[in-house]
Each structure stands twice: as structure tokens, then as C-alpha cells.
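Tertiary structure, described
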Amino acid sequence: MSEIACVSGVGLLMEYLDGALPADVRAALDEHVAGCAKCAAFVASYLATLRIVREATAATLPADVEASLRAFLRTRTSAFRSG
Ligand SMILES: [Zn+2]
């Protein structure tokens, strides 16, 4: 497998965080994130945001809210790539 690019620079972030990736790809990304401060910070901020939203709603995340959150995070992902 070729070298894994930063999670924030590829389209795999959502799949990675959803656990929707094949085990070998996820393992490669896990290894990258563990050694990359930029990706670790991005993943941490995503997970923190999800926790805050879940605590605020105290229920399952409504589909429309989740869609909005994902759209927002995709914007941030693009910002990471260009920045
Ligand atoms: Zn990285």
C-alpha cells in the first residue's frame, strides 16, 4: 500500500470516523493519525464536536443535524487541504 496522506487532506475522514473503511485501510490510517499531530488534532476535534452535540441533544443525533455537521466538517477539511 502506498503512503497514507493526511486524513484531513483526503476524502477518507468521514469513512474513517464511521468505521466504514476496510480493516487494512483503517489500520494504515490509525498508524498515520497516531504519528501526525495535525490529523490527531482534527480527529480529536471531530469527536469532541460529536460528543458536545450528543450531550446537548441528550438523544440520537437527528439526521438533519448530522448532515449539517458533516457538511460543516467537509468545509473544514477543504480548509485544511488549502491551508
Ligand atoms: Zn496527517
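Now for the overall build of the protein. Assigned secondary structure in the protein consists of four helices and zero strands. Each helix and strand of the protein, ordered N terminal to C terminal, gives the series α-α-α-α. Split into buried and exposed, the 83 residues of the protein put 28% on the buried side. Taking all contacts inside the protein whose residues are at least 6 apart in sequence as the whole, residues at least 24 apart take part in 64%.

Okay, the confidence of the model for the protein next. For the protein, the mean per-residue pLDDT works out to 78, and 77% of the residues sit at or above 70. At the level of individual helices and strands, the protein shows its lowest average pLDDT in helix H1 (residues 13-18), which scores 76, and its highest in helix H2 (residues 23-35), which scores 88.

Running from N to C, H2 and helix H3 (residues 37-57) point in directions that differ by 105°, and their axes come no closer than 5 Å. What the angle tells us is that H2 and H3 run roughly perpendicular. For the pair formed by H2 and H3, the contact residues are His 32, Val 33 and Gly 35 on the first element and Ala 37, Cys 39, Ala 40 and Val 43 on the second. Broken down by class, the residue content of the contact of H2 with H3 amounts to five nonpolar, two polar and no charged.

Turning our eyes to something else, we now look at H2. Along its 13 residues, H2 runs 19 Å from first to last C-alpha, staying within 8% of the 18 Å computed at 1.5 Å per residue. Here H2 has its buried residues at Val 25, Ala 28, Leu 29, His 32 and Val 33. In an axial view of H2, the angular spread of the buried residues amounts to 135°, which keeps them on one side of the axis. H2 presents Ala 23, Glu 31, Ala 34 and Gly 35 as exposed residues on the side facing more than 90 degrees away from its buried surface. On its buried face, H2 sits against H1 and H3.

Definitions and limits used
- Residues numbered from 1 in each chain as written.
- Predicted model: local features only at pLDDT ≥ 70, side-chain atom pairs only at ≥ 80, totals over all residues.
- Heavy atoms only, no water.
- Helix = DSSP H or I, 4+ residues; strand = E, 2+ residues; numbered from the N terminus.
- Buried < 20%, exposed > 50% of the residue type's maximum accessible area, 1.4 Å probe, protein only.
- Contact = heavy atoms within 4.5 Å.
- pLDDT = per-residue confidence, 0-100.
- Axes fitted to C-alpha atoms, helices over the stretch in contact; angles between N-to-C directions.
- Parallel < 35°, antiparallel > 145°, perpendicular 65-115°, else oblique.
- Nonpolar A, V, L, I, M, F, W, Y, C, P; charged D, E, K, R; others polar.
- Expected span 1.5 Å × (residues − 1).
- Arc of directions from axis to C-beta.

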